[in-house]
Amino acid sequence: MKFHISYLSPALILGALLPIGSEPGEPPTRFGRVQVKVAAKNIDRLVDLDLKRAKLKPNAIADDATFLRRAYVGIVGRIPNVTETRKFLTSQQPEKRSGLIDSLLESSGHTSRMFNYWADLLRVKSRLNNNISGEPFVHFLKDSLAANKPYDEFVRDMVSANGPAHVRGNGATGMLLRDRGMPLDSMANTVRVFLGTRLECAQCHDHPFDKWKQKDFYQMAAFTGGLSYRTDVQKQNTGDGITQVYQNLRRKGDRDGLRAIGRMMRTVNSGVDGTGTGKIRLPKDYKYDDAKPSAVVTAHALFGKSPKIQFPAPPTKKSGRRMSRREREAERRRQAQRSRRNRGRSNDKELDTRDSYAQWMTDPANPRFTKVIANRMWKFAMGRGLIEPVDNLMDDTEASNPALMRQLEKLMVSVDFDLRQFLRVLFNTNTFQREAMSDDVPSDEKFYFQGPLLRRMTGEQMWDSLLTFSMSDVDATIQDPARRAESVYTRYEEMINMPSDELAKMVNAQKLRYSDPKKYREQQAAQRRKDQRKRMEQSRQRSQRMAAEAESKREKTRPLYREYVKAKQADDQQKMKQIKDQLLALGVDIDRKPGRRPSSRSRRGRRGEGAMVRASEQQHPAPAGHLIRKFGQSDREQIQASHTEANVPQVLSLLNGFLEDRVLSNYSSELMKTIYESSSDREKIRTAYQAVLSREPRGRELAVWEHEMDQGGRKVVKDLVWTLVNSHEFRFVQ
Amino acid sequence: MSIKDLFNKSDECCRRDFVVGAASGLLAVGAMPVLGGLATAQGKQGKAKKTQGSQKPAPAEGQFPMLPATAKNVIYLYMSGGISHLDTFDTKPGADNQGPIESINTNADGVQISQYFPELAKHMDKVAVINSLHSTQGAHAQGRYFMHTSYPMRGTIKHPSIGAWLNRMAGKTNPTLPAHVGVGIGANTASAGFFESKYAPLPIGDPKSGLQDSHRHHSVDGETFDRRLAKLEEMNRAFKGKFNHRKVRGYEDMYKEAIKLMQSDDLAAFDIRKESEELKAAYGDNQFGQGCLLARRLIEHNVRFVEVVSGGWDTHTNNFEKMEDACPNLDQSIATLLADLEARGLLDETLVVFATEFGRTPDIVNNGNGRNHFPKAFSGWMAGGGIVGGQKYGKTDARGAEVIENPVAVQDFNATIAYALGLPLDFIIHSPSGRPFQVAHKGKPVRALFG
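Remember, it's a predicted structure, so these values are computed and weren't measured experimentally. (Residues numbered from 1 in each chain as written. Chains lettered and ligands numbered in written order. Predicted model: local features only at pLDDT ≥ 70, side-chain atom pairs only at ≥ 80, totals over all residues.)

Caption draft 1: Representation of the overall build of chain B within the structure. Along chain B, the regular secondary structure elements total 11 helices and 17 strands. For chain B, with 451 residues in total, the buried portion stands at 55%. Partitioning the intrachain contacts of chain B with sequence separation of at least 6 by distance along the chain shows that 74% fall at a separation of at least 24. (Helix = DSSP H or I, 4+ residues; strand = E, 2+ residues; numbered from the N terminus. Buried ≥ 20, exposed ≤ 12 C-beta atoms within 10 Å, placed from the backbone. Contact = placed C-beta atoms within 7 Å.)

Caption draft 2: Highlighting the overall build of chain A. Scanning chain A for helices and strands turns up 35 helices and seven strands. A separation of at least 24 residues holds for 70% of the contacts in chain A among residues at least 6 apart in sequence.

Caption draft 3: Summary view of the pairing of strand β1 (residues 73-79) of chain B. Residues and elements named next belong to chain B. Taking burial as the measure, the seven residues of β1 include seven buried ones, the bulk of the element. Here β1 shows no split at all, with Asn73, Ile75, Leu77 and Met79 on one side and Val74, Tyr76 and Tyr78 on the other all buried. Pairing of β1 with strand β7 (residues 305-310), which is carried by six bridges, proceeds in the parallel orientation. Looking across to β7, one finds that Leu77 is bridged to Val308. (Pairing = 2+ DSSP bridges.)

Caption draft 4: Representation of the interface of chain A and chain B within the structure. The interface of chain A with chain B comprises 51 residues on the first partner and 63 residues on the second. By residue number, the principal contributor to the side of chain A that touches chain B is helix α29 (residues 648-655) of chain A, which donates six residues. Across the side of chain A that touches chain B, the residue classes break down as 14 nonpolar, 20 polar and 17 charged. (Nonpolar A, V, L, I, M, F, W, Y, C, P; charged D, E, K, R; others polar.)

Caption draft 5: Inspection of the sheet that holds strand β3 (residues 270-273) of chain A at higher detail. Residues and elements named next belong to chain A. One open sheet holds the three strands; their spatial order is β1-β3-β2, and the pairing between them is antiparallel. Of all strands in the sheet, those with a lone pairing partner are β1 (163-164) and β2 (228-230), marking the two edges. Across two bridges, the pairing between β2 and β3 is antiparallel. If you follow Ser228 over to β3, its bridge partner there is Asp273.

Caption draft 6: Just unusual backbone geometry, in detail. A cis amide bond, omega -10°, links A:Glu388 with the succeeding residue A:Pro389. With an omega of -10°, the peptide bond between A:His620 and A:Pro621 qualifies as cis. One non-glycine residue, A:Glu95, lies in positive phi territory at about 55°. Within the secondary structure, A:Glu95 sits in the loop between α5 (82-90) and α6 (96-105). Of the residues examined, A:Glu95 has 12 C-beta atoms within 10 Å and is grouped as exposed. Phi is positive for B:Asn406, which is not a glycine, with a value near 45°. By secondary structure assignment, the location of B:Asn406 is in the loop between β14 (403-405) and β15 (408-409). What makes B:Asn406 partly exposed here is the crowd of 14 C-beta atoms within 10 Å.

Caption draft 7: Broad picture of helix α24 (residues 500-515) of chain A. All names here are of chain A. Here α24 spans 22 Å end to end across 16 residues, near enough to the 22 Å set by a 1.5 Å rise per residue. At Ala509, α24 is bent by approximately 25°, the largest bend along its length. For α24, the complete set of buried residues consists of Leu503, Val507 and Lys511. (Expected span 1.5 Å × (residues − 1). Bend = angle between axes of the 7 residues up to and from the residue.)

Caption draft 8: Spatial organisation of the packing of helix α8 (residues 135-146) of chain A against helix α23 (residues 481-496) of chain A. Residues and elements named next belong to chain A. With their axes 9 Å apart at the nearest point, α8 and α23 run at an angle of 155° to one another. One way to sum up the angle between α8 and α23 is to call them roughly antiparallel. Considering only the axes of α8 and α23, their crossing is left-handed. On α23, the residues that touch Glu135, Pro136, Val138, His139, Lys142 and Asp143 of α8 are Pro481, Ala482, Arg484, Ala485 and Val488. Looking at the contact of α8 with α23 residue by residue, the classes come out as six nonpolar, one polar and four charged. (Axes fitted to C-alpha atoms, helices over the stretch in contact; angles between N-to-C directions. Parallel < 35°, antiparallel > 145°, perpendicular 65-115°, else oblique. Left-handed = near helix turned anticlockwise from the far one by under 90°.)

Caption draft 9: Examining the environment of B:Arg273 more closely. By secondary structure assignment, the location of B:Arg273 is in the loop between α7 (246-262) and α8 (277-283). The spatial distance from the C-alpha of B:Arg273 to the C-alpha of B:Ser209 is 8.6 Å, given a sequence separation of 64 residues.

Caption draft 10: Representation of the nonpolar core within the structure. Of all hydrophobic cores here, the largest spans 273 residues; its most connected members are A:Val721, B:Val306 and B:Val353. The greatest single-element share of this core, amounting to nine residues, is contributed by helix α10 (residues 319-343) of chain B. If you look at the next biggest cluster of nonpolar residues, it comprises six residues, including B:Val220, B:Phe225, B:Leu229 and B:Met235. (Core = buried A, V, L, I, M, F, W, Y, C linked by C-beta atoms within 7 Å.)

Caption draft 11: Focus on the confidence of the model for chain B. Residue and element names in this part refer to chain B. Residues with a pLDDT of 70 or more make up 87% of chain B, whose mean pLDDT is 86. Under a pLDDT of 50 for its full length, residues 1-54 has, in the predicted model, 62 contacts with residues more than four places off or in other chains. Interface predicted TM-score (ipTM) for the complex: 0.82; the corresponding pTM is 0.81. (pLDDT = per-residue confidence, 0-100.)

Caption draft 12: Examining the packing of helix α33 (residues 699-712) of chain A against helix α34 (residues 715-726) of chain A more closely. Residue and element names in this part refer to chain A. Put simply, α33 and α34 touch, their axes get as near as 8 Å, and they point 145° apart. Across the interface between the two elements, Trp705, Glu708, Met709 and Gly712 of α33 pack against Lys715, Val716 and Leu720 of α34. Looking at the contact of α33 with α34 residue by residue, the class counts come to four nonpolar, one polar and two charged.

Caption draft 13: Looking closely at the environment of A:Ser160. Residue and element names in this part refer to chain A. Take Ser160: it is sitting in the loop between α9 (151-159) and β1. Ser160 gets classed as buried once you count the C-beta atoms within 10 Å, which come to 25. Between the alpha carbons of Ser160 and Thr224 there is a distance of 9.2 Å; along the sequence they are 64 residues apart. With near-sequence residues (within four places) excluded, Ser160 lies in contact with Arg354, Asp355 and Ala358.

Caption draft 14: Seen up close, helix α6 (residues 222-242) of chain B. All names here are of chain B. Between the first and last C-alpha of α6 there are 31 Å, a value that for 21 residues agrees with the 30 Å anticipated at 1.5 Å per step. Where α6 bends most, at Asn236, the angle is about 35°. Most of α6 sits out of view: 17 of its 21 residues are buried.

Caption draft 15: Highlighting the environment of A:Ala60. Residue and element names in this part refer to chain A. With respect to the secondary-structure elements, Ala60 resides in the loop between α3 (33-53) and α4 (64-76). With 10 C-beta atoms counted inside 10 Å, the residue Ala60 sits in the exposed group. Spatially, the C-alpha atom of Ala60 lies 9.7 Å from that of Thr431, the residues being 371 residues apart in sequence. For Ala60, the residues in contact, after removing those within four places along its chain, are Arg434 and Glu435.

Caption draft 16: Summary view of the confidence of the model for chain A. All names here are of chain A. Summary statistics for chain A give a mean pLDDT of 86 and a share of 89% for residues scoring 70 or more. Note on residues 1-29: pLDDT is under 50 here. Beyond four places in sequence and across chains, it has 34 contacts. Residue range residues 594-606 is modelled with pLDDT below 50. Its contacts to residues more than four positions away, or to other chains, number 16 contacts.

This is the structure:
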């Protein structure tokens, strides 16, 4: 019944409905380079008009280096590395800026960047409360972004998602599940994110500043009426195992056992259940005149054309005659019985109202849907929205440049909510490519977009940029999201298919948690100690094995080494080559200098920063002390709670910590290697500037550092990189 | 003059008198190339002054007309998510909506609390419980913001939290440590608001690792470090000149703060490894417990306001299971904190505050085991710092649904904290755009809590 095809076979649906991403580097033909240019010009014209009216001048077009850095950080979420910088700055190609924008938009780095953006907005967590995994939702987001799923469809998928959360392909449920147990908050959050409208005040009382009544809120919430965050085990085609164990426990009245299985089953039955009944009850203490406390209200949209819902007629007999009193009584009893069985579930018929709500929300005719996303993407590119705050729209809200706002909305519709295409236009505007504002622009003053705002890199951008100093291809650390989520899916499948006797055994073991909590805790601690010992033993054995292997290898290579030295002394090139190949066959590269082998150790952080992979591939959010968090990643408790404020811990990690450990004193660091290998002092300095600040050193800078190197030698290289990374110019994007 | 002095001096000049400073040669260590930003910098100075408005500038920190205080410092324990009042400090024994939780007696006559706080029950003689708190904000972000700032959240301005007010008005006691620290704080809680970034709490993510990287790296000697700082100053000059930006100024301040901290004799205040294993274990081996221990160490070193956050109290579902799981840790940590402060003679001068954004519905909802948000009535408490313990102030009805005696608004709660600290409640500070604000937003202190 409520088994939506969309999660039974997501791949199929995806394949059928999506214009799967265009070829790398080539914008889709329907909206080709010429159209992009025209659209960008139209935007610039409206910006310029507004400036002229205010007798202001736009900023000058930024130089290539500034553009390069802004484009990389903005589109793929990190600075360019040395190679990328050199390639762009020396390129003689006409329209190289457009070319760069195209290739960046089609890269995996862009998916990573957009994931971080949406993760902040949708409060993505790897682990939700009650042991529910957030990974399927991460998976859904990354897949949708990589495929460039049209935004309206992306939103519909999440708003109307239904079914178990941990089944393959149903990650879209994660958005609603994020507010598990709080359908009203969930509604407020959804409306805020996608319609830019603040309803949360109206949840408990009429909105003090906006026109919303508490009743309006409930009428909206009625679309999701009957929503539950537990999917029925029976509905999931489970083996009989779970049902059997449940029934046994219930029959025996085993309270502890039922609690234990309840806890264990959260993985299985967490999800979203109920496609919407279109009805909800007002609170018991409802205090306004427009309805009675506890009255049932039916779904009605806040604005625009509200979807029509066909409620079934009151119960009638087949013959069409109204039921007699006795029949009604019987029906009432049956209902009551049903409701006892489904404690807390609604008895109302499911009418797919969540679907109609999603359709209404994402309809281009919805007065706020298009406006909100167009404005958000404008802010994403330029640093400030035409409407601020982006999510507190009211009837009298007017954009700072209304004509431009209308133009952006039109553009959004004409690209069919293809956000990549939309951004392509924005990045191609002169407005984006101008020099950044040198002044603070107060948030309550009108901003004319003489150029983009000066921005500090976000926590994620900071981390991903620092990674470019450690490895040559940072984006290679972007994983197939399915790999991360795999264990969640298999655990779910195991649970579902577990034979009843095995499950009963597990339940029995878990019962102790309730019957004797103290003993349970002790047992858990003992188990942890045992596991720890086992891990240590395993690692000891592993290192013994590795030592033995290394020794046997050395036995083979040692004589070859000796011969090599002899051959070298005799300058016998042929012999040398021969031995070198023999050694290579044994896995030893005689040319590699010691200490440069990128060990598995160097890929893992030694300092609690976890793996050296891009922010989007880390745990969500990163742990509290992580560099990403220090630099302002959201704790994912609230919508867009990330920040770019200065604080002492971030400064310390650049002064004394991460930078020194991971880059300056780390010989496997890509940047330091490249610098040390540069032919001259001048080249060393140029490399450092290109890598850290994405530009050439200015004449005076070059002279000062050349002088320093001349005096201080090799150690000055570290001073140089330290200084550049600690500078304002590194953390701020102009 | 050492480079360090130079670095410290330089910042004064950089902001206002950048031009003068550069010209005087104070910074002329190999005077950097691009002084092209100069002209623009000058242009901006004028504008910056203009926007400061016509109000008389507020006094510098430490120059405010302070009132007599009963407390020097604050440890602010914040229960994020909205902790249930019925299941903790406003129990209703025998009521239909109490669920399975029982009440226990404490060492204070007539003060009963939930069965999950047996250790704290031994210290209730130090605690004044307020059962009549009420808020107007029922959503987390708004509730947290309101509780911390006394002002409802607005789109156009960000208000400073109570700790930032203390820092702004009273300044530091220990000049080398920050005055305001937050352990595990999140968005919309403690912040500098419209004050400069330096009044914001220094955030500590993991109390066990304390303040990471606060020592010079082992491979870097003092001379190298100073040389690098001088180079950095040189490097940043052009940028500062070009971009007249609050955030750029914020970084200038933070580098200064960080370097002061690195040189502080009291740096060990951040290092809880210096505590005995027994004491660490007594505080509880979890973020919040170790955070409380860190708070005590910081207070001991005259950090004035430390907030420690405990999360996960948003018990919409499985309320009773979650209370059963989470309360024992909370009980242990707080009881140890109070005992430890008392044993060290710090309790008299330290105000310990227990706060949350709202309570939870008296009705048991969501499949019969959850509680939703409930701002109409909830509980908080204060101890130490001049508070007379062993009392309950204010009352709710038999179901914990209505305040029926001595209501305490969020502003009053914060005014009580400000009163204990001797902050002038009616002193007005203007925001950069010229709007007037007061600590605790005209709240009335609950004087009955004091002796």
